[in-house]
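Single-letter residue listing:
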Amino acid sequence: MASTTKPIFKLTTTAASVSRCSQPPPTSLRSLSFLRTAAVSSIPIDIKLSRSHLNTHRSLSVKSAIKTVEFSTEPSFSAASTSDESKPTILVSEKLGNAGIELLKKLGDVDCSYDISHDDLCKKISYCDALIVRSGTKVTREVFEASKGRLKVVGRAGVGIDNVDLQAATEFGCLVVNAPTANTIAAAEHGIALLACMARNVSQADASMKAGQWQRNKYVGVSMVGKTLAVLGFGKVGSEVARRAKGLGMHVIAHDPYAPADRARAIGVELVSFDQAISTADFISLHLPLTPNTKNMFNDETFEKMKKGVRIINVARGGVIDEDSLVRAIDSGKVAQAALDVFAEEPPSKDCKLVQHEKVTVTPHLGASTKEAQEGVAIEIAEAVIGALKGELSATAVNAPMVPPEVLSELAPYVLLAEKLGRTAVQLVSGGDGIKSVKVVYRSARGPDDLDTRLLRAMITKGIIEPISTSYINLVNADFIAKQKGLRITEERVVVDTYPEFPIHSIQVQISHVDSKFASAISDGGEISIEGRVRYGVPHLTRIGLFSVDVSLEGSLILCRQVDQPGMIGQVGNILGEQNVNVSFMSVGRTGKRERAIMAIGVDEAPNKEALKKVGEVSAIEEFVFLKL
């Protein structure tokens, strides 16, 4: 079997995973431990199996709690049920559309405490499994600390997540999801409305007429056709604004370092540098998130680079503009007009100079405020939160890797294999300077770009870290915890001549620069090395050090290195039987006839010290180790 080695990447760990089994599922029940958070009250994993014609498919819900899950091929095809568990509590702190509330009520108990204070939020959050906010609620580190690990998901009903402390959420293993698509059109339409309103002085003329005046000459506007509009931030909303501006006859340019050039070309938009965009535009429309890099991005220096008489629209985030600088730019004539839907402080103070300025058109954060958008956002965020509480990975998660559902489904059996290999490998370590370097080798027939291993890395991380620490690892915080503990995982792919329809042939875990309590686990390279495969949907240990074995990774395991001779299985079996320890299987792998061998014994109960002592006293046994899987 020919093989070639292709390094993939070297990263400090990340995520967790799931897949289609490469063989038929076993008829017996199998137990499976999965992801968890620090939550005191956890939700079990659901694995739902469905049979279509002659093919068996599996889909795995990723739960943020560790529970026992069973694979079953009984006709019901349901391995776990949530009917016996208490309903999750979902706190909604700001107004949410009725359609979303009704969806949430089907899953859990919904507490609509609108306009709750920060102190009251901290008091209440320890009883909540999910929190849904808009832009007004600040979900700070204090909130996550007050949740005491129970909070599993924060849903932001909208696009921006600057009011949520993502770092704290990640550290506490809490998934953060948003609703980025439902209000896209509404926000884009509002941006165009403000652009036209500002260009033609609609708001000022309206106020003048209602004051009993008729000032046609005062409110002469400017035409939009043929003018250059610079869209800063070419995401969903920015690109929709560009489409509409093109329809108005405007020349549109854009700046966004992450925007695909082909998408811009398809709309007829030219991507340019930031300085080129702001220095050549007649109108500038902002669609930037509020981050440390964008906060007060538009300041005195930025305004100075702009064309005299430029007009600015902001329906994104108020904090990207230094409001005092904008007032000065308007008063100097550098900026002719501004149209603002968002402010650094919301609501702004009554004496806010921008709000009161005659050359500024303002609205009270109405970007997403259409009936259609409100209902759409409510449904989108409700579905994302419900999915997260059920253990599904959301496509709108903002602090976890984006893993397509088809990848999750395909990798399902290998998730447990990855965790079990990590858990097995760490129990073989006896000393050294601590585990710092782990190498994972995936053997697969797939091409280099056709295997997403982020989920598997997280499960290996979980398996290695959890048995020797108080940390709880899940998909959200695996990378953070690994970095915090100085654990570095590198990955390598070996292309093998096997079946490409199965994503992974085997996974090998190597731990370097440590001593082993089971010397036979040391490879020629001096590192602890174990390897495993999925057989009939169940993870198996297939190699330890230089020895080939065939061991189901379930329950507990005794590994013995011995001289290959008759009667060994009987001797050890008798010792365990005398101590009422039930043996589930035995397997022997050897280097040659009557030479060295590894005997693997699966046990249903953990042997006591006396039993293990007697096993070690068998003359032909050179070393042994007990592993709790």
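Quick look at the structure, then.

Rules of the game
Residues numbered from 1 in each chain as written. Predicted model: local features only at pLDDT ≥ 70, side-chain atom pairs only at ≥ 80, totals over all residues. Heavy atoms only, no water. Pairing = 2+ DSSP bridges. Helix = DSSP H or I, 4+ residues; strand = E, 2+ residues; numbered from the N terminus. Contact = heavy atoms within 4.5 Å. Axes fitted to C-alpha atoms, helices over the stretch in contact; angles between N-to-C directions. Phe/Tyr/Trp six-rings, centres within 6.5 Å; stacked < 30°, edge-to-face > 60°.

**Points about the sheet that holds strand S14 (residues 283-286)**
Link 1 in the chain: Strand order in the open sheet formed by seven strands is S13-S12-S11-S14-S15-S16-S17, with parallel pairing between adjacent strands. Strand pairing shows two members of the sheet lacking a second neighbour, strand S13 (270-271) and strand S17 (360-362), which therefore form its edges.
Link 2 in the chain: Looking at chain direction, strand S12 (residues 251-255) and S13 are connected through two bridges and run parallel. Paired with Ile253 across the bridge in S13 is Glu270.
Link 3 in the chain: Sheet strands touched by helix H7 (residues 236-247): strand S11 (228-232), S12 and S14. Its angle to S11, the strand with the most contacts, is close to 170 degrees.
Link 4 in the chain: Across the sheet, helix H11 (residues 323-332) is in contact with strand S15 (310-314), strand S16 (335-340) and S17; its angle to S16 comes to roughly 140 degrees.

**Quick look at the packing of aromatic side chains**
Link 1 in the chain: Following the criterion strictly, the structure yields two aromatic pairs and no others.
Link 2 in the chain: Centroid distance Phe144 to Phe172: 6.5 Å. Interplanar angle 20 degrees. Geometry classified as stacked. Here Phe144, found in helix H3 (residues 141-147), pairs with Phe172, found in the loop between helix H4 (166-171) and strand S10 (175-178); they are 28 residues apart in sequence, far enough to count as distant.

**Details of the sheet that holds strand S9 (residues 153-156)**
Link 1 in the chain: In space, the five strands of this open sheet follow the order S7-S6-S8-S9-S10, with parallel pairing throughout. For this open sheet the edge positions go to strand S7 (109-112) and S10, each flanked by a neighbour on one side alone. Sheet twist, expressed as the average angle between the axes of neighbouring strands with direction ignored, equals 20 degrees.
Link 2 in the chain: Bridge count for S9 against S10 is four bridges, and the pairing is parallel. Counted as the bridge partner of Gly155 is Val177 from S10.

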